[in-house]
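# Coordinates in review
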Amino acid sequence: MTSLPKARVAVLISGRGSNMLALADAAADPACPYEIVLVASNDPEAAGLAAAAARGIPTWAQSHKGMKRAEFDALVDARLRAAGVEWIALAGYMRILSTEFISGWEGRMLNIHPSLLPKYKGLDTHARAIAAGDGVGGVSVHLVTAELDDGPVLAQVEVPIFPDDTPDTLAARVLIEEHRLYPRVLAQMVTR
Ligand code: GRF
């Protein structure tokens, strides 16, 4: 039996990389339609880099410090293209991307955001949802466009907000859903 070639995915991280690991766990299934060919970071100290390397996933890191945004993004872009990357999954990548980079990956770059977009773009989503008295929070996976956290939403999962929730307890509950949702949406996208 011949199997279809897997979509080549790079995951961009800046931190612990738990979503990256969820994507990697799913990719370990032979039936998964994508493979992670690179984990890249703008922070050489990102904890997720070591976790990826421990699983045998190639990693690349370069600090953005001292570089112009477009210059740094061109470096990342070149590294991704050299690795034959076809899709990008942003997973806690804490850099605003240049318009040049975004247009070069149009329709092939996803992001996961811990709110029910279009609510609460940007940071501190859980604290803002709690402060607003929302009864429900959640997670969105969307295509990346030029505006921050603004591209077409591909899928969302709602998570209840309880009266005694803190941003941390809510974040932990949402994170469980993030880890379920992201691999599912990425798999759907690469096989469309
Ligand atoms: C996640 O909550 C994700 O939704 C947001 O940043 C966080 C990254 O966490 N974009 P991790 O590095 O994947 O653990």
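These notes cover the structure that comes with them.

About the criteria used
Residues numbered from 1 in each chain as written. Predicted model: local features only at pLDDT ≥ 70, side-chain atom pairs only at ≥ 80, totals over all residues. Heavy atoms only, no water. Helix = DSSP H or I, 4+ residues; strand = E, 2+ residues; numbered from the N terminus. Rg over C-alpha atoms; globule rule 2.2 N^0.38 Å. Contact = heavy atoms within 4.5 Å. Areas by Shrake-Rupley, 256 points an atom, 1.4 Å probe, with all protein chains shown as cover. Lys, Arg positive; Asp, Glu negative; His and termini not counted. Charge placed at Lys NZ, Arg CZ, Asp CG, Glu CD. Expected span 1.5 Å × (residues − 1). Buried < 20%, exposed > 50% of the residue type's maximum accessible area, 1.4 Å probe, protein only. Arc of directions from axis to C-beta. Core = buried A, V, L, I, M, F, W, Y, C linked by side-chain atoms within 4.5 Å. 1 Å grid on protein atoms, 1.4 Å probe; cavity = no way out; pocket = protein on both sides within 12 Å on 5 of 7 lines; lining within 4 Å. Points joined across faces, edges and corners; volume = space filled by probe spheres on them. Nonpolar A, V, L, I, M, F, W, Y, C, P; charged D, E, K, R; others polar. Near = heavy atom within 4 Å. Polar contact = N/O pair within 3.5 Å; in protein donor to acceptor, adjacent residues only side chain to side chain. Sits in = over half its atoms within 2 Å of the grid points. Phe/Tyr/Trp six-rings, centres within 6.5 Å; stacked < 30°, edge-to-face > 60°. Lys NZ or Arg CZ within 6 Å of the ring centre and 35° of its normal. Pairing = 2+ DSSP bridges.

### Section: the overall build of the protein
The secondary structure content of the protein amounts to six helices and seven strands. Its C-alpha atoms give the protein a radius of gyration of 16 Å, within 12% of the compact-globule value 16 Å for 192 residues. Each of the three principal axes of the protein carries a C-alpha extent, and together these read 50 × 50 × 30 Å. Within the protein, contacts between residues at least 6 apart in sequence are counted, and of these 62% link residues at least 24 apart. Here the protein has roughly 9,500 Å² of accessible surface; of this, 56% comes from carbon and sulfur atoms. Measuring between centres, the 18 positive side-chain charges of the protein sit 3 Å from its 22 negative side-chain charges.

### Considerations on helix H3 (residues 69-82)
A rise of 1.5 Å per residue sets the reference length of H3, with its 14 residues, at 20 Å; its end C-alpha atoms lie 20 Å apart and thus fit the reference within 8%. Burial in H3 covers these residues: Phe72, Asp73, Val76, Asp77 and Leu80. For H3, the angular spread of buried residues about the axis comes to 140 degrees, placing them on one side. Looking at the buried side of H3, the elements it contacts are strand S1 (7-13), strand S2 (34-41), strand S3 (59-61), strand S4 (87-90) and helix H4 (99-104). Of the residues flanking the end of H3, it is Gly84, one or two places downstream, whose phi is positive at about 70 degrees.

### Section: the nonpolar core
Val11, Tyr34, Val39 and Leu110 are the most contacted members of the largest nonpolar core, which has 40 residues in total. If we skip the residues at most four places from it in the chain, Val39 touches Val11, Ile13, Met20, Leu49, Ala52, Ile57, Pro58, Thr59 and Trp60.

### Quick notes on empty space enclosed by the protein
Vacant regions in the atomic arrangement are exposed by a probe of water-molecule size rolled over the atoms. The tally for this structure, following the rule as stated, stands at one cavity of 30 Å³ or more. The volume enclosed by the largest cavity comes to roughly 60 Å³. Contributing to the lining of the largest cavity are 13 residues, with Leu116, Tyr120, Ala129, Gly137 and Gly138 lying nearest its centre. Those elements that provide at least two residues to the lining of the largest cavity are helix H5 (125-131) and strand S6 (136-143). A class-by-class count of the residues in the lining of the largest cavity yields six nonpolar, five polar and two charged.

### Looking at the site of the ligand
Every residue lining the ligand is accounted for by Arg16, Gly17, Ser18, Asn19, Gly92, Ile112, Pro114 and Glu178. At a separation of 2.4 Å, an oxygen atom of the ligand approaches a polar side-chain atom of Arg16. Between the ligand and Asn19 there is a distance of 2.8 Å, counted from an oxygen atom to a backbone nitrogen or oxygen. For the ligand, the accessible surface in isolation is 360 Å², of which the surrounding protein chains cover 84%. Put simply, the ligand lies in the largest pocket. Class assignment of the residues belonging to the shell around the ligand gives a composition of two nonpolar, four polar and two charged.

### Things to note about the packing of aromatic side chains
Inspection of every chain in the model, using the stated rule, returns one aromatic pair. Over the ring of Trp105 we find Arg81; its NZ or CZ atom is 4.1 Å from the centre of that ring.

### Brief notes about the pairing of S4
What you see with S4 is no split at all: Trp87 and Ala89 on one side and Ile88 and Leu90 on the other are buried throughout. The pairing of S1 with S4 spans four bridges and is classified as parallel. Looking at the pairing, Val11 lines up with Ala89 of S4. In this sheet, strand S5 (residues 109-113) lies alongside S4 in parallel orientation, the contact comprising three bridges. Each residue of the ladder has a partner; that of Ala89, found in S5, is Leu110.

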